[in-house]
Amino acid sequence: MTAEPLTTTYTIEAEDLWRIYRTGTREVQALRGVSLRVAGGRFIALKGRSGSGKTTLLNCLGGLDRPDRGTVHIFGRNLAEMDEKDLTRWRRKEVGFIFQSFGLLPTLSAYENIELMLRIAEASRKEKKERTKELLDLVGLGKWMHHRPYELSGGQQQRVAIARALANRPKLILADEPTGELDSTTAREILTLFRTIVEREKLTVLMSSHDPLVDGYVDEILQMKDGLIISA
Ligand code: ADP
Ligand code: MG
């Protein structure tokens, strides 16, 4: 009798993803059959020129967009089986998003930007306070917690955004060109921070970038071209 094959639950399992944007009579095939598997606890770069489909892929993996064809499983859950309401709730808990332009709320302090995520998740008063402080320390911004985004440098703002993405302890972080607006010294600091987070919080970071700088920091590079992953 042969043994059943071992089934592994991947952090990300995507199969034959297609995403076609239609505007009038024009059609752009942004994803043309992307498949990938990502195991837990890794820092992975998704590289490729502008227009190669990186943002579209990240959005489909994080449930911000739906592929026209193909399936996405995150920790074994099929995103296609969730309606918009389920997906919103799922995203809040399971995935942290980080964007190039930081996306912080301008009228809130660093502390409040992070705490907001915990408030949305209905954490207790104690948990909100402790977790926010812990995250500010993790990203090295304890002293800056009462500052608003415009009083912080780009690198500091991205640190707040990283802390915010980690607030609800997701096991997957999707980061879309997180160093795209930073000088190379600051970019290196942010990449080092991602490395630390992957080790310390045992999570997976999938980060898009077209910067050669990232190569030295990641465990693996996925190369995209014209809507396909051409090397892994
Ligand atoms: P990248 O992030 O690698 O720059 P994108 O995923 O943003 O690539 O884009 C992939 C392709 O899809 C590009 O040709 C882009 O112009 C097109 N595209 C992206 N978003 C849209 C949209 N909302 N409507 C139409 N075309 C789009
Ligand atoms: Mg992009």
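Numbers given to residues run from 1 along each chain, matching the order in which its sequence is written. To read the labels, note that chains go from A and ligands from 1, taken in the order they are written. Thresholds applied to this predicted model are a pLDDT of at least 70 for local features of residues and 80 or more for the giving and counting of side-chain atom pairs; totals over whole chains, interfaces and linings are not thresholded and use all residues. To obtain the side-chain values, all non-hydrogen atoms of the structure were used and water was disregarded.

1. A few points about the overall build of the protein chain
A run of H or I in DSSP becomes a helix once it reaches four residues, and a run of E becomes a strand once it reaches two; helices and strands are each numbered from the N terminus. For the protein chain, the count of helices and strands is 6 helices and 10 strands. Taking 17 Å as the expected radius of gyration for a compact globule of 232 residues, we find that the protein chain reaches 18 Å, a close match to that expectation. Taken along the three principal axes of its C-alpha coordinates, the protein chain extends 55 × 45 × 40 Å. Buried residues in the protein chain amount to 46% of all 232 residues. Using the Shrake-Rupley algorithm and a 1.4 Å probe, accessible areas are obtained, with residue cover drawn only from the displayed protein chains. Only carbon and sulfur atoms are counted for the fraction: they give 48% of the accessible area of the protein chain, which is about 12300 Å². Computing the positive centroid from 35 side-chain charges and the negative centroid from 32, the protein chain places the two 3 Å apart. Every radius of gyration here is taken over C-alpha atoms, with the globule rule written as 2.2 Å times N^0.38, N being the number of residues. Classification of residues uses two cut-offs on accessible area relative to the type maximum, computed with a 1.4 Å probe and protein chains only: under 20% is buried, over 50% is exposed, and between them is partly exposed. Think of it this way: Lys and Arg go in the positive column, Asp and Glu in the negative one, and His and the chain ends go nowhere. Charge positions come from single atoms, namely NZ of Lys, CZ of Arg, CG of Asp or CD of Glu.

2. Looking at the packing of aromatic side chains
Given two aromatic rings, their pairing is described by the distance between the two centres and the angle made by the two planes. In this analysis, rings of Phe, Tyr and Trp, with Trp reduced to its six-membered ring, are considered paired at centre separations within 6.5 Å, and the interplanar angle assigns stacked below 30 degrees, edge-to-face beyond 60, and tilted for intermediate values. Enumeration according to the criterion identifies 2 aromatic pairs in this entry. An angle of 5° between the planes, with centres 6.2 Å apart, marks the rings of F97 and F99 as stacked. Judged by its relative accessible area of 16%, F97 falls in the buried class. Classification of F99 by relative accessible area gives partly exposed; the value is 34%.

3. Brief notes about the environment of G41
By the secondary structure assignment, G41 is in the loop between strand 2 (26-38) and strand 3 (43-47). A relative accessible area of 38% means that G41 is categorised as partly exposed. For the pair G41 and V205, spaced 164 residues apart in sequence, the C-alpha separation works out to 7.9 Å. Those residues within four positions of G41 in sequence are excluded, and the remaining contacts are V198, L203, T204 and D219. Should any heavy atoms of two residues lie within 4.5 Å, those residues are counted as being in contact.

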